[in-house]
Amino acid sequence: MGRTGGEQTRKKILATAEALFAEKGYDGTGIQDIATEAGINKALIYYHFKNKKDIVDSLFRRTLEEMFAMQGTAEEKIRDAGGEENVERKIVGIIAFLEKKRKILAVMLMESLKLDTDGYRSLFECAKMIIEKNISEMMHEGEAAGLKKSGGRDELLMHEFFTGFLPIVFFALFKDRWAEFFGCDRTETTRLFLDVFSRSHIRHLNG
């Protein structure tokens, strides 16, 4: 199988799996379901992925990669921390992107929260892979910009995960329900989140 054809097949499998997971849930979707819906042989799925968990991990990794790419380069993030000129536009774009992924995000997060599985490892491993690359660049750019950070890599890893990644993901998942439950205007809800997120996450880079 040629590289181009193989990549197209892999993308087709992921797109099909994402749609089925969102519709039927993880447990309600089997490898044969994905193969049937994609119109391919089940063996072809195992050629590209070890198992169903590997498909979910790949979907999560791709989502995280796209999310962090939308934040911009480390240089841009450091610059935003000082001037905050493009922060709101970028975060609004990320939230809009994640809202489109709401159903599959819910599936992936539910898998990570199950107490009788090691699903959380997939979440942590995918996040670690993307975030560590991001913070390595941030530390380099931060030093060049004269920003001093205590705690180094471990602090930045925790900061990016617990005050950056998770808040945005959960806001995208619950924004509409939050606004409805608390009787808030949706536009005002987003504005308030942006203000809180900026103070708790972005401005932290300046120490």
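First things first, this report covers the structure right here in the doc.

Rules behind the numbers
Counting restarts for each chain: residues are numbered from 1 in the order of the written sequence. The predicted origin of the model limits local features to residues at a pLDDT of at least 70 and limits the giving and counting of side-chain atom pairs to 80 or more, whereas totals for whole chains, interfaces and linings rest on all residues. Processing note: side-chain calculations cover all non-hydrogen atoms of the structure and skip hydrogens and water entirely. Any carboxyl oxygen of Asp or Glu that lies within 4 Å of a side-chain nitrogen of Lys or Arg is treated as forming a salt bridge with it. Where helices and strands are cited, they refer to DSSP runs of H or I of at least four residues and of E of at least two residues respectively, numbered from the N terminus. Exposure categories follow from relative accessible area, calculated using a 1.4 Å probe and restricted to protein chains: below 20% of the type maximum is buried, above 50% is exposed, and the middle band is partly exposed. We call a set of buried residues a nonpolar core when its members are Ala, Val, Leu, Ile, Met, Phe, Trp, Tyr or Cys and they connect through side-chain atoms within 4.5 Å of each other. Between N or O atoms, a polar contact is any pair within 3.5 Å; within protein, one atom must be a potential hydrogen donor and the other a potential acceptor, and residues adjacent in sequence are included only when both atoms are from side chains. The contact criterion used is simple: two residues touch if any of their non-hydrogen atoms lie within 4.5 Å.

**Some words on the pattern of salt bridges**
Part 1 of the reasoning: The final tally for this structure, using the stated rule, is 11 salt bridges.
Part 2 of the reasoning: Its salt-bridge partner being Arg 62, residue Glu 18 comes within 2.9 Å of it at the nearest N-O pair. One end of the pair, Glu 18, is in helix α1 (residues 3-24); the other, Arg 62, is in helix α4 (residues 52-70), and 44 residues separate them in sequence.
Part 3 of the reasoning: Since its relative accessible area comes to 14%, Glu 18 is described here as buried.
Part 4 of the reasoning: The class of Arg 62 is partly exposed, set by a relative accessible area of 24%.
Part 5 of the reasoning: A salt bridge links Arg 191 to Glu 188; the nearest nitrogen and oxygen atoms lie 2.8 Å apart.

**Examining the nonpolar core**
Part 1 of the reasoning: Residues Phe 21, Ile 55, Phe 60, Leu 98 and Phe 165 are the most contacted members of the largest nonpolar core, which totals 46 residues.
Part 2 of the reasoning: Of all the secondary structure elements, the ones that give two or more residues to this core are α1, α2 (31-38), α4, α6 (87-100), α7 (102-113), α8 (119-144), α9 (152-182) and α10 (186-202).

**Structural notes on the side chain of Ser 112**
Part 1 of the reasoning: Along the chain, the position of Ser 112 falls in helix α7.
Part 2 of the reasoning: The exposure class assigned to Ser 112 is buried, which follows from its relative accessible area of 9%.
Part 3 of the reasoning: Separated by 2.6 Å, the side chain of Ser 112 and the backbone oxygen of Leu 109 make a polar contact.
Part 4 of the reasoning: For Ser 112, the contacting residues outside a window of four places in its chain are Gly 119, Tyr 120 and Leu 123.

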